[in-house]
Amino acid sequence: MASSYTPEVSGVGFRARVQKLGGHLAGMVMPNIGAIIAWGLITAMFIPVGWVPNENLAQLVDPMIKYLLPVLIGYTGGRMVHGQRGAVVGATATMGVIVGADVPMFLGAMIIAPLTAYVLKLFDNAVDGKIKPGFEMLVDNFSAGIIGAGFAILGKLAIGPVVNGLTKAAGNGVDWLLDHSLMPLVSILVEPAKVLFLNNAINHGVFSPLGVQQVAENGKSILFMIESNPGPGLGLLAAFLFFGPKSLRPTTPAAMIIHFFGGIHEIYFPYVLMKPRLILAMMAGGMAGVATFMITGTGTVASPAPGSIFAFAAVTAKGGFVGMILGVVIAAAVTFGVASLLLGFGKLKSDQEIDESVAEETAAEPAAEIPAQRTAAEPAAEIPAQRTAAADTPAETTDDSRKENA
């Protein structure tokens, strides 16, 4: 199920499994980001509070978010599992969860489409080579139709209502955090998870389904800006540029360009992992950015993908550009300050330098002790003496024997 959007993850531990899950979620959403942005732009332009309100064109908003986008995600998810046949049954089953809920069924599509495609794949593998010639098309079409219809009904009666309830509960939790001005605390969980390469699982599995619902209701959402804010990563790389280990400083300018303008956040994750204490700087910067977004009331109409400053500007809601820029700049500044402090403003030795100095001292100590031990024991002086004594003894014995013979 890997794709160009979801590089293969090695390992079997808990983190590897979550990374694989996040990769699969990203693989379903990322190919359809263009459609999500198209819906976001239509929403930003033509809803009553948009740039150019237009009641006629605004009629596109609801059908796209309720039907088009979930079906596209379901189609993509099914295709990842079982090719074109999986894509068809995945899209068919997705209609069941759409009809069975009254909120956008992004999450429902991510669940039911791969499951339906997997069941069809099991069936195809079971009957492979056992169908009489001339009946292949009949069996293929009816198997896909029966399985697709069955899971559409299951989605309508069971999966859709369950996901609908979970989505509403999560949305209520987000609203509670916003009402109590506690949304910045989310960064305490988000930033450590990001540097463990779980950013796709967070962004596309949690924030995107809730964010599109908020956009449909309010015309914008802050949830899209929490994980994808490029400010904290920029601040961290700037701290490494000025105060990081000297061996790493030349690598940071290119990383800053790739991260901030290209939106590839993964470029800075290894910098945090090599000095885990810097996660505190990422938390502080993330919290500062989210707090700024909340205070200024800014939001985006779609997920900035990739998370570059250009993507942020393209999907920022009307009247939110100042707040967006402030949130990015303040997040970068706070992260830079805290990270610089944790790096000792360049005065602390790097871990590599400390290890090398310890190794040099350890290697030097035995060299100093060995001559001293030899001097005290003086084995080299004893050996010739023993050999001289041993050599003299036979000579004396020979002289005595000669005298006795005489």
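The shown structure was predicted, so the numbers you read here are calculated from the model rather than taken from an experiment.

Q: Sorry, what's going on with the overall build of the protein here?
A: For the protein, the helix and strand inventory stands at 15 helices and 0 strands. Every one of the 406 residues in the protein was classed for burial, and the buried ones make up 43%. Contacts spanning at least 24 positions in sequence make up 72% of the contacts within the protein whose residues lie at least 6 apart. Just so you have it, the protein exposes about 20500 Å², and 67% of that area is on carbon and sulfur atoms.

Q: Would you explain the environment of Val-206 in this entry?
A: In this fold, Val-206 is placed in helix α6 (residues 187-218). Considering only alpha carbons, one finds Val-206 and Leu-107, 99 residues apart in sequence, at a separation of 8.4 Å.

Q: What should I look at first to understand the packing of helix α2 (residues 33-46) against helix α3 (residues 61-99) in this one?
A: A packed helix pair is summarised by two numbers, namely the angle formed by the two axes and the spacing between the axes. Where α2 contacts α3, the axes come no closer than 10 Å and their chain directions differ by 175°. As the angle between them shows, α2 and α3 are arranged roughly antiparallel. Within the contact between the two elements, α2 uses Ala-35, Ile-36, Ala-38, Trp-39, Ile-42 and Thr-43 and α3 uses Val-61, Met-64, Ile-65, Leu-69 and Leu-72. For the contact of α2 with α3, a count of residues per class yields 10 nonpolar, 1 polar and no charged.

Q: I would appreciate a short explanation of helix α4 (residues 106-127) in the present structure.
A: An α-helical turn contains 3.6 residues, so a residue and the one three or four places further along point in the same direction. Taking 1.5 Å per residue as the helical rise, α4 with its 22 residues ought to reach 32 Å, and the 32 Å between its terminal C-alpha atoms agrees with that figure. Buried within α4 we find Phe-106, Gly-108, Ala-109, Met-110, Ile-112, Ala-113, Pro-114, Thr-116, Ala-117, Leu-120 and Asp-124. Positive phi shows up at Gly-129, right after α4, with a value of about 80°.

Q: Sorry if this is basic, but what is going on with the packing of α3 against α4 here?
A: One way to put it is that α3 packs onto α4 with a least axis distance of 9 Å and a crossing angle of 30°. Relative to α4, α3 is oriented roughly parallel. The handedness of the crossing between α3 and α4 is right-handed. Here the residues of the contact of α3 with α4 are counted per class, giving 17 nonpolar, 9 polar and 3 charged.

Q: I keep staring at the nonpolar core and nothing clicks. Help me out?
A: One finds Ile-36, Trp-39, Ile-73 and Phe-106 to be the most contacted residues of the largest nonpolar core, which totals 27 residues. When residues of this core are traced back to their parent elements, those giving at least two are α1 (14-29), α2, α3, α4 and α6. With sequence-adjacent residues up to four places away left out, Ile-36 is seen in contact with Val-29, Leu-69, Phe-106 and Ala-302. Listed in part, the 20 residues of the second largest apolar core include Phe-240, Phe-269, Tyr-271 and Leu-278.

Q: What exactly am I supposed to notice about the packing of aromatic side chains here?
A: For any pair of aromatic rings, the description consists of the separation of the ring centres together with the inter-plane angle of the planes. The final tally for this structure, using the stated rule, is 8 aromatic pairs. With centroids separated by 5.3 Å and ring planes inclined at 80°, the aromatic side chains of Phe-260 and Phe-261 adopt a geometry described as edge-to-face. You can call Phe-260 buried: its relative accessible area is 14%. Here the aromatic residues Phe-242, Phe-243, Phe-336 and Phe-345 are joined through ring pairs into a cluster of three or more.

Q: What's the story with the pattern of salt bridges in this structure? I'm lost.
A: Once their charged atoms are close, side chains differing in charge can pair, the charge on each being opposite to the other. Enumeration over the complete set of coordinates arrives at 1 salt bridge. The residue Arg-85 makes a salt bridge to Asp-124 at a minimum N-O spacing of 3.0 Å. Separated by 39 residues along the polypeptide, Arg-85 in helix α3 and Asp-124 in helix α4 bring together distant segments of the chain. Given a relative accessible area of 24%, Arg-85 falls into the partly exposed group. Residue class for Asp-124 comes out buried when judged on its relative accessible area of 14%.

Q: Is there a simple way to explain α2 in this structure?
A: In this model, α2 (14 residues) spans 20 Å end to end at C-alpha, consistent with the 20 Å of a helix rising 1.5 Å per residue. Within the sequence span of α2, burial applies to Ile-33, Ile-36, Trp-39, Gly-40, Ile-42, Thr-43, Ala-44 and Phe-46.

Conventions we followed
- Residues numbered from 1 in each chain as written.
- Predicted model: local features only at pLDDT ≥ 70, side-chain atom pairs only at ≥ 80, totals over all residues.
- Heavy atoms only, no water.
- Helix = DSSP H or I, 4+ residues; strand = E, 2+ residues; numbered from the N terminus.
- Buried < 20%, exposed > 50% of the residue type's maximum accessible area, 1.4 Å probe, protein only.
- Contact = heavy atoms within 4.5 Å.
- Areas by Shrake-Rupley, 256 points an atom, 1.4 Å probe, with all protein chains shown as cover.
- Axes fitted to C-alpha atoms, helices over the stretch in contact; angles between N-to-C directions.
- Parallel < 35°, antiparallel > 145°, perpendicular 65-115°, else oblique.
- Nonpolar A, V, L, I, M, F, W, Y, C, P; charged D, E, K, R; others polar.
- Expected span 1.5 Å × (residues − 1).
- Left-handed = near helix turned anticlockwise from the far one by under 90°.
- Core = buried A, V, L, I, M, F, W, Y, C linked by side-chain atoms within 4.5 Å.
- Phe/Tyr/Trp six-rings, centres within 6.5 Å; stacked < 30°, edge-to-face > 60°.
- Salt bridge = Lys/Arg side-chain N within 4 Å of Asp/Glu carboxyl O.

Geometric values such as these leave the question of function open.
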